[in-house]
Structure formats: structure tokens, C-alpha cells
Amino acid sequence: MSTFSELGVSEGITKGLNELNIFDPTEIQSSAIPVLLKAENDLVAQAQTGTGKTAAFGLPMLELVDGKKSAIQGLILAPTRELCQQIAKQLFKFTKYSNKVFTEAVYGGAPINDQIERLKRPTHIVVATPGRLIDLLKRKAISLADVKYVALDEADEMLSMGFKDDMFSILDEIGINRSIWLFSATMPDGIQQIIKKFLRPNAMKIEVSRSAGVNENITHEYLICRSKDKIQELLHFLAYHPDERGMIFCQTKRAAQTLAKQLKAKNIMVDALEGDMGQRDRDKVMRMFKSEKIDLLVATDIAARGIDVKGLNFVLHYQLPQQIEYYTHRSGRTGRAGAKGNSILFINEREKEKAYELASILKFQLKPLN
């Protein structure tokens, strides 16, 4: 096992990592950091949520940008507001004991004029959702002329959310003397098009095994119940865990809204987070959840991207995830920072085979709920 210092990370940033209790690089970090620190390398990394991707591209970018030069030199594209905020926050924490590198997050759903004002300050790295970055470029409120390092985080999610044209436009805007670091859980045709059009033919390729994204501190269990009994089984589970906090995942917005209403009717402190909500409502729900004014959050997979809430005891899969990668993302909301967590699947008899297939692919042990 290498240390961050051995990978080439500077002493100040290593000290910042240690203060965050980050001592041992993950597989993706050990593979990517030395490659990216060489500056003129393109990278294609296939890795799931929870494998440590932010530090894998964030640390090299922090090391490579010139803090004495006020221009934007690094760009990170991410699919959601929450993920942008999370990445920017982590980069800020990494640099506590190193030369100051200023990061700004820009995303939709927030006042664009406020973001334009903040971009007038010295900024070295911008973390952006594609749509908001296009808006800023159209207003000539941001320049990518000096960008040398581009990270595409959760690139497949950006494609599935309809950002393909925006991503192509943004990459076209950046000069040819740049490095592109593409991180994606899957490699659909749209990703292959980006690789072919924008990355060097000799781009480094890294693939992290699926099991690397599954946290060993999490226990994985299932409960067999008929669809019509599911709400009662859920209430039964919650009654036995009265002082615990967690997230409940549904496949669709409608299912998330309906379940939240059913639980509220039972006087449970809960709210829903789904894609049709306005940004003000989303922010309000997240403030309530983080401040522990509500104990449960019912969410869809896309709406929950980038959420990082400490101290969650469990994740409940009220409906099976529609994609394998979503299970890793869902379960990764619990068992964070070395704590223990539970991931529990509510399934009917027919879904049992699918649940065990999920466990086999992701290499975790699944057992019946006691």
C-alpha cells in the first residue's frame, strides 16, 4: 500500500488529508494520481461512486494549477448541484495546509448573478454543472482560455441527464493543450464518442473493480414481503429503530412522494427529495435533514447524487435500483468515515434472485434480515 506522499502528493496537502482521517489511498487514487501528476496525460477511469474519485482527480489538479496565476486553470464538470458543492468543499479542505488554490462551484437552481460576482475574484478551479457553465459562457462571464486540466466526474450520469451537447460545446471551447480526465461508472456510446473526439489516442485507461466501491463497514440484508405489505413492514422496521436516521430509496419521483406522504401520515419526521422539486425546496429539505430536524429522507437515485450526510445508520431500498451502480451509490450514504451502516433491501419473492445477482456482481455478502 502506497502513501499519498509516495504517490507524489505534497506535504501540505498530505497533512490536510491526514486531518480528515484520510491516510491510505484507495485503488483508484493509487492508480490515477501518479499518472495525472505528470500533467500531459489523458485518462479514462471506470469507477463507481464511493471509490474515492474526487481525490483521484482533485489532488493532482490542486498540485498542478498555479496559485500565483489568477486565471481559471482547472475545470471539473459534474452532473448535479449537490455533487458540485461536495467536490468544491472537499478541495477546500484538502488545501488547509498548502498554497491557496481557490475553487468556485457554479450550478443551476441558484442565482446566476451571485455566481458571476464570485467569479470576479481570483479563481483557479471551477466545479460546474454543464448547463450553468454554458449559460455563463454565453454571457461571457467566464473564460476557459487558460484551462489546462479538465475532469469529467460521473460522465455517464451527465449523458443520461441530457448534457451531451453541452459537454461537447464546453470541450470544444477549451484549447487543444489540455488534459482530460474522464471518470465514469459505465462506458456507453456517448462516452466512447467523447473519448474518440477529445482524448489523445494514448490516453491511460484504469478500471477499478466493482467491489472496490462497496464499503466493508456496511452489512447488506434483505426482507421478503409482498408489495401490499411493504409499508407495514417498513413501519415495523422503523419502530424497532426509533433513534436511528437513514435514507429510503425509490425508483420514481411518484413513488418517493407517495411513500413520504404515507410516512408523514404516521407522524414520522420525514421528507422527500426528487427531481421535480425547485432548488429552494431541495435546499430546505437538505437543511432540515442535515440539522436532524427530520430523521428520514425518501429519495430517487438521481436526486440523491452527491449527498453527504454524516451519521446515517441505514439505507433502505424500498424498490430495487434500476442500475447496478445505483446500489453502490445508495448504500454508500451510510457507513461513512469508518462508521458501521446497514443496507436493507425490501423485496418480494420474485426479486430475491435479482438481489443475490446484485450481491454476486458487487461482491458483498447478502443475508436475510434478522
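Details of the structure are given in the entry above.
From a predicted model like this one, the values you see are computed outputs, not experimental measurements.

A.B. asks: Which parts of the structure should I look at to understand the environment of D243?
C.D. replies: Relative to the assigned elements, D243 resides in the loop between α11 (230-240) and β9 (246-250). Accessibility expressed as a relative area gives 72% for D243, which makes it exposed. For the pair D243 and L37, spaced 206 residues apart in sequence, the C-alpha separation works out to 46 Å.

A.B. asks: I keep staring at the nonpolar core and nothing clicks. Help me out?
C.D. replies: The tendency in soluble globular proteins is for nonpolar side chains to be buried side by side. Core analysis: the biggest nonpolar cluster contains 39 residues, and L59, I76 and W181 have the highest contact counts within it. Residues in contact with W181, not counting those within four places in the same chain, are L36, N41, L43, F57, P60, M61, L64, Y149, V150, A151 and L152. Counting 36 residues, the second largest nonpolar core, distinct from the first, contains V44, A128, L144 and A155.

A.B. asks: In this structure, what is going on with the packing of aromatic side chains? I would like to understand it.
C.D. replies: Both the distance between ring centres and the angle between the ring planes are used here to describe each pair of aromatic rings. Summed over the entire model, instances satisfying the criterion amount to seven aromatic pairs. When the ring of Y318 is compared with that of F346, the centres are 6.5 Å apart and the planes differ by 40°; the resulting orientation is tilted. Taken together, the positions of Y318 in the loop between β12 (314-317) and α14 (324-331) and F346 in strand β13 (residues 341-347) put the pair 28 residues apart, joining distant regions of the chain. Neither Y318 nor F346 differs from the other in exposure class; each is buried. Ring centres of Y327 and F364 lie 5.0 Å apart, and the angle between their planes is 15°; this geometry places the pair in the stacked category. Of this pair, Y327 sits in helix α14 while F364 sits in the loop between α15 (352-362) and β14 (366-368), placing them 37 residues apart in sequence. For the pair formed by Y327 and F364, the shared burial category is buried. One residue, R245, lies across the ring of F289, its end atom 4.7 Å from the ring centre.

A.B. asks: Can you walk me through a positive patch on the surface in this structure?
C.D. replies: A surface patch of like charges, here positive, comprises K89, K93, K290 and K310. By secondary structure assignment, the location of K310 is in the loop between β11 (296-300) and β12. Residue K310 is classed as exposed on the basis of its relative accessible area, which comes to 65%.

A.B. asks: So what exactly am I meant to see when it comes to unusual backbone geometry here?
C.D. replies: Generally, phi is negative for residues other than glycine and the peptide bonds are trans, each holding for most cases. Backbone geometry at N267 places phi at a positive 65°, although glycine is not the residue there. Owing to a relative accessible area of 70%, N267 belongs among the exposed residues under this scheme. Phi is positive for K363, which is not a glycine, with a value near 60°. With respect to the helices and strands, the residue K363 is situated in the loop between α15 and β14. With a relative accessible area of 61%, K363 lands in the exposed category.

Rules used in this analysis
- Residues numbered from 1 in each chain as written.
- Predicted model: local features only at pLDDT ≥ 70, side-chain atom pairs only at ≥ 80, totals over all residues.
- Heavy atoms only, no water.
- Helix = DSSP H or I, 4+ residues; strand = E, 2+ residues; numbered from the N terminus.
- Buried < 20%, exposed > 50% of the residue type's maximum accessible area, 1.4 Å probe, protein only.
- Core = buried A, V, L, I, M, F, W, Y, C linked by side-chain atoms within 4.5 Å.
- Contact = heavy atoms within 4.5 Å.
- Phe/Tyr/Trp six-rings, centres within 6.5 Å; stacked < 30°, edge-to-face > 60°.
- Lys NZ or Arg CZ within 6 Å of the ring centre and 35° of its normal.
- Patch = residues over 30% accessible without salt bridge, like charges linked within 9 Å, V, L, I, M, F, W, Y side chains within 5 Å.
- Areas by Shrake-Rupley, 256 points an atom, 1.4 Å probe, with all protein chains shown as cover.
- Salt bridge = Lys/Arg side-chain N within 4 Å of Asp/Glu carboxyl O.
- Lys, Arg positive; Asp, Glu negative; His and termini not counted.
- Charge placed at Lys NZ, Arg CZ, Asp CG, Glu CD.

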